[in-house]
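The residues making up each chain are set out below.
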Amino acid sequence: MESFGAKNMQSPPMKPYKCLLGTQILLRILATAFTLASTWIILTSKQTVTVFGLEMDARYSYSPIFKFFAFANMIGCAFSVLSLFLASVLGHKCLDPKNSFYMFLHDLIVMALLLAGCAAATAVGYVGKYGEMHSGWMPICDHVPKFCHKVTNSVMLSYFAVVFYLCLTIISANQSRQIRV
């Protein structure tokens, strides 16, 4: 009888674990959707206008920062799909805390990549909207508002994905605390 009670104390309760697994899967689905939407919006953002008789073209591909932002979101989306698959398969098969540690590392790296892309795009977007008078850079969003709105929406969606990955990182870190050395 004593050994039965010891076994029950060692195994974690299933209901909170299933709730956390469901939360992780939902957050991974949301992160996938938001990074996919952000990628789609930035890749389709372009506008051509005529200013003083000159044709001006604004595209994400003209800026290395926006290219980095687009690729960061593509990678984030791909890894979100991969982690969604792994979380659903591994989550139902075993309760090993080492898996949580690997998911923590994965979530932390993807969050850092997305955050770097968002920060870079935000900085360039700020200069595009307000300019930098000391450097002689004029604002361009007055001339290409459709492009600027699309980029703003894309960056905003990507920041939501960063928040989802922050939550996933916290959940994974909390679950990996149960690793016995």
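Residues numbered from 1 in each chain as written. Predicted model: local features only at pLDDT ≥ 70, side-chain atom pairs only at ≥ 80, totals over all residues. Heavy atoms only, no water.

Enquirer: Which parts of the structure should I look at to understand a nonpolar patch on the surface?
Expert: Taken together, the side chains of Leu 43, Phe 71, Met 74, Ile 75, Phe 79, Leu 82, Phe 85, Leu 86 and Leu 90 present a nonpolar region at the surface, about 760 Å² in accessible area. When residues in the nonpolar patch are grouped by element, the largest group, eight residues, is from helix α3 (residues 64-93). (Patch = residues over 30% accessible without salt bridge, like charges linked within 9 Å, V, L, I, M, F, W, Y side chains within 5 Å. Areas by Shrake-Rupley, 256 points an atom, 1.4 Å probe, with all protein chains shown as cover. Salt bridge = Lys/Arg side-chain N within 4 Å of Asp/Glu carboxyl O. Helix = DSSP H or I, 4+ residues; strand = E, 2+ residues; numbered from the N terminus.)

Enquirer: Help me understand the environment of Met 111 in this model?
Expert: Structurally, the position occupied by Met 111 is in helix α4 (residues 97-130). Owing to a relative accessible area of 14%, Met 111 belongs among the buried residues under this scheme. A sequence separation of 55 residues divides Met 111 from Leu 166, and the C-alpha atoms of the two residues are 6.6 Å apart. (Buried < 20%, exposed > 50% of the residue type's maximum accessible area, 1.4 Å probe, protein only.)

Enquirer: Help me out: how do you make sense of the packing of aromatic side chains in this one?
Expert: Here a ring pair, both rings aromatic, is described through the centre-centre distance and the interplanar angle of the planes. Scanning the model with the defined rule gives six aromatic pairs in all. Ring centres of Phe 34 and Phe 160 lie 5.8 Å apart, and the angle between their planes is 70°; on these two criteria the pair is classed as edge-to-face. Residue Phe 34 is located in helix α2 (residues 14-43), and its partner Phe 160 is located in helix α5 (residues 145-176); the two are separated by 126 residues in the primary sequence. Residue Phe 34 is classed as partly exposed on the basis of its relative accessible area of 22%. Chaining the aromatic ring pairs together yields one cluster made of Phe 34, Phe 160 and Phe 164. (Phe/Tyr/Trp six-rings, centres within 6.5 Å; stacked < 30°, edge-to-face > 60°.)

Enquirer: Whenever I open this one, the pairing of strand β2 (residues 54-59) confuses me. Can you help?
Expert: Here strand β1 (residues 46-51) runs beside β2; their pairing, made up of six bridges, is antiparallel. Directly across from Val 51, in β2, lies its bridge partner Leu 54. Between β1 and the antiparallel strand that follows it, β2, lie two residues; Phe 52 among them carries a positive phi value of about 50°. (Pairing = 2+ DSSP bridges.)

Just distances and angles here, no functional claims.
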